[in-house]
Amino acid sequence: MSKSIRKIGVLTSGGDSPGMNAAIRSVVRSCAYHNIECVGIYRGYEGLIEGDFKSMNARSVKGIINKGGTILKSARSKGFRTKEGRQQAYRKLIEANVDGLVVVGGDGTFTGAMIFNEEFNFPVIGIPGTIDNDIVGTSHTLGFDTALNTVVDAIDKIRDTASSHNRLFFIEVMGRDVGHIALNVGIAGGAEEILIPEEDLGLDRLVESLRKSRESGKSSSIVVVAEGDKIGKSVFELKDYVDENMSEYEVRVSVLGHLQRGGKPSARDRVLASQLGFSAVENLLAGETNKMVGMVNNEVVLTPFESAITHNKELNSNLLKLVEVLSI
């Protein structure tokens, strides 16, 4: 154990995701196990700048492993994007005798942590918490599995209505830049088409595909659309185009929105969060910094922040092929 780490701060930043509370719990109790102090930092980097800290112990985190959201709250911080804001955050950490930091969040969170570490040489370890699963260096980010289950449950319910009324539903899911959610829930929900930012099916090909499905005997259809899909300007434009070119269907749109970010974390997300929270503390104590802990092939691995956020996480090519096979 490194003798330089005696007090660790933990914060959550960016969009909330199921599993963040389980990660906080794991960090706090891992600190307690090692007899070192832990402080919770409220409202992410904004709270870091303001010194909004609260001492936490093993009992402070009881009953939160099953809760969605984050008890430490989260916020976007314009101030932390400035050198002056980061300088103020550093002063607050030094004043509170905090000498190590665990940050839970996505690429924006890690970008801020990387710059902070480079400027002040302050030890920091990241835990990937985002439902988009767009961070390199881990097979799953916190909240991804829970979001998939939430969306699939919604698709199952919408399909009941679609088949009852011979309707075509466009279901928009989160994924501004990546299609990991759409691809996985589309397969799990039996979607006829999956539209993602990484692939441009085109409006004409979309209609042609839907028409073939109709001609093959399908009386209803589900199309899962990632919000960053580039075929149309919006999911509603897709609806209008299909309305104009396919009179066979009644077309409806369902935008699931922030529903996907809430809810009790799945067992998988709770276990993952617990493993990564523990590993974050262990690696800080071992002298690691400016890295993210992730899970690859059921093993905890370290990835430099720069690599985690600057490379695109590729979609599973086998799943892409599977979509084509199963939607026939």
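Predicted model only: the values in this text are computed from it and were never measured.

(A) Examining the sheet that holds strand E8 (residues 221–226) more closely. Read from one edge of the open sheet, four strands run E7-E8-E6-E9, paired in parallel fashion. With partners counted over all chains shown, the strands left at the sheet margins are strand E7 (193–195) and strand E9 (250–255), one partner each. Across the sheet, the mean angle from the axis of one strand to that of its neighbour is 20 degrees, orientation sign disregarded. Note: strand E6 (residues 167–173) against E9, six bridges, orientation parallel. The partner of Ile-171 across the bridge, within E9, is Ser-254. Relative to the sheet, helix H7 (residues 203–215) contacts E6, E7 and E8, its axis offset from that of E7 by approximately 160 degrees. Across the sheet, helix H8 (residues 235–245) lies against E6, E7, E8 and E9, angled at about 175 degrees from E9, the strand it touches most.

(B) Spatial organisation of the state of the cysteines. In total, this model carries zero disulfides according to the counting rule given. Distance from the sulfur of Cys-31, which forms no disulfide, to the nearest cysteine sulfur (Cys-38) is 4.1 Å. Residue class for Cys-31 comes out buried when judged on its relative accessible area of 0%. Judged by its relative accessible area of 3%, Cys-38 falls in the buried class.

(C) View of the packing of aromatic side chains. Overall, the coordinates contain eight aromatic pairs when judged by the stated rule. Every member of this aromatic cluster is reached through a ring pair, and the members are Tyr-45, Phe-80, Tyr-90, Phe-116, Phe-120 and Phe-122. In this arrangement the basic side chain of Arg-214 is found over the ring face of Tyr-249, its NZ or CZ atom lying 4.7 Å from the centre.

(D) Representation of the sheet that holds strand E5 (residues 124–128) within the structure. A sheet is described by the order of its strands in space; here seven strands give the open sequence E3-E2-E1-E4-E5-E10-E11, paired in mixed fashion. The strands lining the two open edges of the sheet, one partner per strand, are strand E3 (53–56) and strand E11 (299–304). The sheet shows a mean angle of 30 degrees between the axes of neighbouring strands, taken without regard to direction. The sheet contact formed by strand E10 (residues 291–296) and E11 spans six bridges and is antiparallel. Opposite Met-295, over in E11, you have Val-300 as the bridge partner.

(E) Expanded view of helix H5 (residues 144–165). An ideal rise of 1.5 Å per residue puts 32 Å on 22 residues; H5 measures up with 32 Å between its terminal C-alpha atoms. Taken residue by residue, H5 has Phe-144, Asp-145, Thr-146, Ala-147, Leu-148, Val-151, Val-152, Ala-154, Ile-155, Ile-158 and Ala-162 as its buried positions. Here the buried face of H5 lies against E6, helix H6 (180–188), E8, E9 and helix H9 (267–285). Of the residues flanking the end of H5, it is Asn-166, one or two places downstream, whose phi is positive at about 55 degrees.

What counts as what
- Residues numbered from 1 in each chain as written.
- Predicted model: local features only at pLDDT ≥ 70, side-chain atom pairs only at ≥ 80, totals over all residues.
- Heavy atoms only, no water.
- Pairing = 2+ DSSP bridges.
- Helix = DSSP H or I, 4+ residues; strand = E, 2+ residues; numbered from the N terminus.
- Axes fitted to C-alpha atoms, helices over the stretch in contact; angles between N-to-C directions.
- Contact = heavy atoms within 4.5 Å.
- Disulfide = S-S within 2.5 Å.
- Buried < 20%, exposed > 50% of the residue type's maximum accessible area, 1.4 Å probe, protein only.
- Phe/Tyr/Trp six-rings, centres within 6.5 Å; stacked < 30°, edge-to-face > 60°.
- Lys NZ or Arg CZ within 6 Å of the ring centre and 35° of its normal.
- Expected span 1.5 Å × (residues − 1).

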